[in-house]
Amino acid sequence: NKGPILSPKWLPLRQSCSARPGLVTATDVVNYWQKVFEASGIPEARESSEYIVSFVLGAKTFQSLNSKSLYTPLTAVQQEQIQQLSIKRLERMPVQYVLGEWDFQDLTLKMRPPVFIPRPETEDLVSLVLEEESRKCEKNSGLCFPVPVPHPVILEIGCGSGAIALSLLCKLPQSRVIAVDKKEAAVDLTRENAHRLLWLRAGSDSFSFLGSAKQLLFWGPIDFIVSNPPYVFHEDMACLDTEILRYEDLDALDGGDDGMRVIKTILALAPSLLKDSGSVFLEVDPRHPDMVENWLQVHPNLLLVLRAIHKDFCGIALSPL
Ligand SMILES: C[S@@+](CC[C@H](N)C(=O)[O-])C[C@H]1O[C@@H](n2cnc3c(N)ncnc32)[C@H](O)[C@@H]1O
């Protein structure tokens, strides 16, 4: 039900664009595909076109192309590549899947449907964990008799492409990071991204992948549990963008009736996994902090308290008593 790809509205334009391949520049092609995308109702038409053209020219952004790249005529091969990728975008494939890679913090990660595409706001979740770790280190160095702080053990539940876990490992190279996801496709992509970023080939044993939460119990005390779990309220799922509904794993987003299905699992699991000084960092819906607080009140045995809410980014931080 995706409809015709080659709509008559833009086919003549494409023909005129490819008729004189030697004379078409990157700027011409960006403008051309922007118009095609707009005519087909593709969201973020300009950005999509710019990303695709820059990618084929080996750049991250259109703005970073120098004037030579902008005005040198594209080869027929480059035009063909741009057309192939643009056709995928016309099918409403998210640009991250079209390009097959996307940046998260300082990392370029492989992206592949249906594994969840990391969102920019999740970068703040990583920053919150890093801030907490540096606070712990500062607190210790302020003691009269500082004791060596052991390197943190970090567990990410629901790693998707590995964006959070790999960013943390990159920023805290001495830490031990365990990444777990219930979907094999996600664990595989995290593993690929880790290999791609060379940590495993360098002989590091600081990254582990798990397909099942049961194995976590063998891991011993953990400093930080971090997760961007599925937290969309089930009734809101139908309102998601076509790009998401068509290509991303909906299980990665659907948090059940109250959006708390996986959040509750993580909170229930946390006390048995965390060190006494450990914390849980979760990205949640803006409605969730109150709901989490109420849920914790009826589960006092978990000994968890809601310690901070970072409303701007919909993140909450929880820590055990
Ligand atoms: C919103 S995505 C987040 C992916 C990644 N952490 C990110 O931020 O880009 C949620 C992820 O949690 C995984 N997931 C869902 N339920 C899970 C469960 N019960 N245990 C482990 N992973 C789960 C999904 O497969 C998906 O990869």
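Calculation notes
- Residues numbered from 1 in each chain as written.
- Predicted model: local features only at pLDDT ≥ 70, side-chain atom pairs only at ≥ 80, totals over all residues.
- Heavy atoms only, no water.
- Helix = DSSP H or I, 4+ residues; strand = E, 2+ residues; numbered from the N terminus.
- Buried < 20%, exposed > 50% of the residue type's maximum accessible area, 1.4 Å probe, protein only.
- Areas by Shrake-Rupley, 256 points an atom, 1.4 Å probe, with all protein chains shown as cover.
- Core = buried A, V, L, I, M, F, W, Y, C linked by side-chain atoms within 4.5 Å.
- Contact = heavy atoms within 4.5 Å.
- Expected span 1.5 Å × (residues − 1).
- Axes fitted to C-alpha atoms, helices over the stretch in contact; angles between N-to-C directions.
- Parallel < 35°, antiparallel > 145°, perpendicular 65-115°, else oblique.
- Left-handed = near helix turned anticlockwise from the far one by under 90°.
- Nonpolar A, V, L, I, M, F, W, Y, C, P; charged D, E, K, R; others polar.
- Near = heavy atom within 4 Å.
- Polar contact = N/O pair within 3.5 Å; in protein donor to acceptor, adjacent residues only side chain to side chain.
- UniProt positions renumbered as here; feature names shortened; annotations may be inferred.
- pLDDT = per-residue confidence, 0-100.
- Salt bridge = Lys/Arg side-chain N within 4 Å of Asp/Glu carboxyl O.
- Pairing = 2+ DSSP bridges.
- Right-handed = clockwise from strand over helix to strand, strands pointing away.
- Phe/Tyr/Trp six-rings, centres within 6.5 Å; stacked < 30°, edge-to-face > 60°.

A. Main features of the overall build of the chain. Counting its regular elements, the chain contains twelve helices and nine strands. Taking all 321 residues of the chain together, 49% fall into the buried category. Carbon and sulfur atoms form 57% of the exposed surface of the chain, whose accessible area is close to 15,900 Å².

B. Geometry of the nonpolar core. Core analysis: the biggest nonpolar cluster contains 53 residues, and W33, I52, I82, L168 and V226 have the highest contact counts within it. Beyond its immediate sequence surroundings of up to four residues, V226 is in contact with L125, V129, I154, L155, E156, I157, I164, L168 and F281. Judged by nonpolar contacts, the second largest core, of 25 residues, contains V153, L155, L274 and L296.

C. Representation of helix α7 (residues 122–141). Taking 1.5 Å per residue as the helical rise, α7 with its 20 residues ought to reach 28 Å, and the 29 Å between its terminal C-alpha atoms agrees with that figure. Among the residues making up α7, those that are buried are T122, L125, V126, L128, V129, L130, E132, E133 and N140. For α7, the secondary structure elements touched by its buried residues are β1 (101–104), α8 (163–171), β6 (222–227), β7 (274–283) and β8 (304–310).

D. Structural view of the packing of helix α11 (residues 261–273) against helix α12 (residues 288–297). Remark: α11 packs on α12, axes separated minimally by 12 Å, with the N-to-C direction vectors making an angle of 45°. By the angle class used here, α11 and α12 are oblique. By crossing handedness, the relation of α11 to α12 is classed as right-handed. Within the contact between the two elements, α11 uses I263, K264, L267 and A268 and α12 uses H288, V292, W295 and L296. Taken together, the residues of the contact of α11 with α12 sort by class into six nonpolar, one polar and one charged.

E. Spotlight on helix α3 (residues 45–56). In a regular helix each residue adds 1.5 Å, so twelve residues correspond to 16 Å; α3 covers 17 Å between its end C-alpha atoms and thus fits that length. Along α3, the residues that are buried comprise A45, S48, S49, E50, I52, V53, S54 and V56. Along its buried surface, α3 packs onto α2 (26–39), α5 (76–90) and α6 (95–99). Of the residues trailing α3, G58 is marked for its positive phi of about 80°.

F. Inspection of the site of the ligand at higher detail. Among the 16 residues in the neighbourhood of the ligand, the closest are listed as E156, G158, D181, N228 and A252. At 2.6 Å from an oxygen atom of the ligand is found a side-chain nitrogen or oxygen belonging to D181. Protein contact buries 91% of the 600 Å² of open area that the ligand shows by itself. Here the residues of the shell around the ligand are counted per class, giving eight nonpolar, four polar and four charged.

G. Here's a closer look at the UniProt feature "domain: Release factor glutamine methyltransferase N-terminal" (unreviewed entry) in the chain. On the UniProt side, "domain: Release factor glutamine methyltransferase N-terminal" (unreviewed entry) is annotated at positions that read residues 29–100 here. From the first C-alpha to the last, residues 29–100 spans 21 Å; its make-up is 67% helix and 0% strand.

H. Structural detail: the confidence of the model for the chain. Summing up the model confidence of the chain, the mean pLDDT is 87 and the portion of residues at 70 or higher is 82%. Per-residue pLDDT stays below 50 along residues 1–21; that stretch engages in 28 contacts with residues further than four places along the chain or on separate chains.

I. Local environment of the pattern of salt bridges. Evaluation of the coordinates by the stated rule reveals 20 salt bridges. Among the salt bridges present, the one from E192 reaches K110, with a minimum N-O distance of 2.8 Å. Note that E192 is positioned in helix α9 (residues 184–196) and K110 in strand β2 (residues 107–110), a separation of 82 residues in sequence. The network of salt bridges with common partners includes K60, E101, D103 and R196.

J. Representation of the pairing of β2 within the structure. Alternating positions in β2 separate cleanly, L107 and L109 being buried on one face and T108 and K110 remaining unburied on the opposite face. With four bridges joining them, β1 and β2 adopt antiparallel strand pairing. By the bridge assignment, E101 is partnered in β2 with K110. Linking β1 to β2, which pair antiparallel, is a turn of two residues; within it Q105 sits at a positive phi near 50°.

K. Layout of the pairing of strand β4 (residues 176–180). The element β4 is largely enclosed, with a buried count of four among its five residues. Sheet topology note: the strand β3 (residues 153–157)/β4 ladder contains five bridges and is parallel. Within the sheet, the bridge partner assigned to E156 lies in β4 and is A179. A crossover links β3 with its parallel partner β4, the connecting element being α8, and its sense is right-handed.

L. Seen up close, the packing of aromatic side chains. One pass over the structure, following the stated rule, counts four aromatic pairs. With a centroid separation of 5.1 Å and an interplanar angle of 75°, the aromatic rings of Y32 and W33 are classed as edge-to-face. W33 matches Y32 in its accessibility class, with the two residues each being buried. Ring geometry for F224 and F281: centres 6.0 Å apart, planes at 65°, overall edge-to-face.

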